[in-house]
Amino acid sequence: MIQVENLTKRFDDRVILNEINLTVHSREVITLVGSSGSGKTTLLRCLNLLNEPDSGHIYFEGNDLMDPKTDINKHREHMGMVFQQFNLFNNKNVLDNCIMAPMLRLGLTKEVATQRATKYLTKVGLKDFMKQDVRRLSGGQKQRVAIARALCMEPKVMLFDEPTSALDPEMVGEVLSVIKTLRDEGMTMVIVTHEMGFAKEVSDRILFMDQGIVLEENNPEDFFNHPKEERTKQFLNRVIQHI
């Protein structure tokens with residue numbers, strides 16, 4: 001579904017991503033882990049050009065997103081994005097947050113968009129909150145609204161950028177539960193997370209990033225129990241208590 005070739009990104013003189021290569025297959029869950037500043041979020045945001053790479057190629061279903069002739073907004077319709085800080089529209093209620101993009105981008109009527117929003121708000125356990133002011137929601141509820149909003153576009157892949165890092169510990173579980181349900185239903189996902197136990201449970205492959213490169217890549221069992229690189233071992237030794 002996604003093919004990344006020799007992707008490079010700089011901010012000023014600093015190389016953030018150094019010739020990254022990555023393949024994401026349909027129905028696969030890829031998790032990006034690593035220390036702060038390793039390039040995880042930048043890589044994720046490059047996948048739909050929220051951060052524009054300096055060089056390399058990103059192919060989504062065979063289409064080169066780096067080609068100037070590519071309509072990136074059209075492709076973003078198929079790539080749901082969930083942000084660390086929710087990024088909801090605080091001047092709109094839960095339902096309006098969910099129906100805006102399907103109406104504006106997909107041309108759905110308000111009735112059809114509302115039916116779709118009801119379906120996905122029910123999936124994340126928030127059907128009874130449709131008319132609620134989003135400013136009155138808990139952090140976990142806001143993030144579940146953000147997931148439902150992304151699902152309302154019925155994307156082919158979901159991108160999650162640290163979806164639990166802004167939440168109180170007791171709210172983390174409700175968001176991770178929703179993501180696990182999506183995994184069980186076959187949603188293709190790329191997830192940046194610091195929740196190592198969650199990464200171990202949901203991932204098909206885990207990529208450890210360090211200083212702008214993918215230093216190690218493996219299935220969860222081998223990644224956690226038989227890491228190859230010394231830097232990976234150091235990282236896991238620091239976070240192993242969370243597994």
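Quantities reported herein were computed from a predicted structural model and do not represent experimental measurements.

Draft legend 1. Just the overall build of the chain, in detail. Of the regular secondary structure elements, the chain holds nine helices and 10 strands. Against the 2.2 N^0.38 benchmark of 18 Å for 243 residues, the chain shows a C-alpha radius of gyration of 18 Å, consistent with a compact globule. In terms of overall dimensions, the chain has a C-alpha envelope of 55 × 45 × 35 Å along the principal axes. Here the analysis covers contacts within the chain between residues at least 6 apart in sequence; of these, 64% occur between residues at least 24 apart. Accessible area of the chain: about 11,400 Å², with a carbon and sulfur share of 43%. Computing the positive centroid from 31 side-chain charges and the negative centroid from 34, the chain places the two 6 Å apart.

Draft legend 2. Spatial organisation of the packing of aromatic side chains. A full pass over the atoms with the stated rule returns two aromatic pairs. Geometrically, the ring pair formed by Phe223 and Phe224 is edge-to-face, given 5.2 Å between the ring centres and 90° between the ring planes. There is no split in this pair, since Phe223 and Phe224 are both buried.

Draft legend 3. Geometry of the UniProt feature "domain: ABC transporter" (unreviewed entry) in the chain. In this structure's numbering, the residues bearing the UniProt feature "domain: ABC transporter" (unreviewed entry) are residues 2-236. The span residues 2-236 is 37% helix and 26% strand, and its two end C-alpha atoms sit 28 Å from each other.

Draft legend 4. Examining the side chain of Thr8 more closely. The residue Thr8 is located in strand E1 (residues 2-11) in this model. For Thr8, the side chain forms a polar contact with the main-chain nitrogen of Glu19, separated by 3.3 Å. Not counting chain neighbours up to four residues away, the residues in contact with Thr8 comprise Leu17, Asn18, Glu19, Pro53, Asp54 and Ser55.

Draft legend 5. The arrangement of the packing of helix H3 (residues 94-106) against helix H5 (residues 139-151) in detail. It is the contact of H3 with H5, at a shortest axis distance of 8 Å, that shows an interaxial angle of 25°. One element, H3, and the other, H5, form an angle in the roughly parallel class. Between H3 and H5 lies a crossing of right-handed hand. Counting all contacts with H3, which are made through Val94, Asn97 and Cys98, the residues of H5 involved are Val145, Ala148 and Arg149. Its residues placed into classes, the contact of H3 with H5 shows four nonpolar, one polar and one charged.

Draft legend 6. Structural detail: helix H4 (residues 110-123). A rise of 1.5 Å per residue sets the reference length of H4, with its 14 residues, at 20 Å; its end C-alpha atoms lie 20 Å apart and thus fit the reference within 8%. Looking one or two residues beyond H4, the residue adopting positive phi is Gly125, at roughly 80°.

Draft legend 7. Just unusual backbone geometry, in detail. For Glu61, which is not glycine, the phi dihedral falls at a positive 50°. In this structure, Glu61 sits in the loop between strand E4 (55-60) and strand E5 (63-64). Backbone geometry places Glu162, a non-glycine residue, at a positive phi of 45°. Mapped onto the fold, Glu162 is located in the loop between strand E7 (157-161) and helix H6 (169-184). We classify Glu162 as buried; its relative accessible area is 12%.

Draft legend 8. The arrangement of the sheet that holds strand E6 (residues 79-82) in detail. With mixed pairing, six strands are arranged side by side in an open sheet as E6-E7-E8-E3-E9-E10. The open sheet terminates on both sides in strands that have one partner only, identified here as E6 and strand E10 (213-218). Shown here is a sheet whose adjacent strand axes are inclined to one another by a mean of 20°, direction ignored. Where strand E3 (residues 29-33) and strand E8 (residues 188-192) come together, four bridges link them in parallel fashion. Bridge pairing links Val29 to Met189 in E8. In the packing of H6 onto the sheet, the strands contacted are E3, E7 and E8, and the crossing angle to E8 comes to about 145°.

Conventions and cut-offs
Residues numbered from 1 in each chain as written. Predicted model: local features only at pLDDT ≥ 70, side-chain atom pairs only at ≥ 80, totals over all residues. Heavy atoms only, no water. Helix = DSSP H or I, 4+ residues; strand = E, 2+ residues; numbered from the N terminus. Rg over C-alpha atoms; globule rule 2.2 N^0.38 Å. Contact = heavy atoms within 4.5 Å. Areas by Shrake-Rupley, 256 points an atom, 1.4 Å probe, with all protein chains shown as cover. Lys, Arg positive; Asp, Glu negative; His and termini not counted. Charge placed at Lys NZ, Arg CZ, Asp CG, Glu CD. Phe/Tyr/Trp six-rings, centres within 6.5 Å; stacked < 30°, edge-to-face > 60°. Buried < 20%, exposed > 50% of the residue type's maximum accessible area, 1.4 Å probe, protein only. UniProt positions renumbered as here; feature names shortened; annotations may be inferred. Polar contact = N/O pair within 3.5 Å; in protein donor to acceptor, adjacent residues only side chain to side chain. Axes fitted to C-alpha atoms, helices over the stretch in contact; angles between N-to-C directions. Parallel < 35°, antiparallel > 145°, perpendicular 65-115°, else oblique. Left-handed = near helix turned anticlockwise from the far one by under 90°. Nonpolar A, V, L, I, M, F, W, Y, C, P; charged D, E, K, R; others polar. Expected span 1.5 Å × (residues − 1). Pairing = 2+ DSSP bridges.

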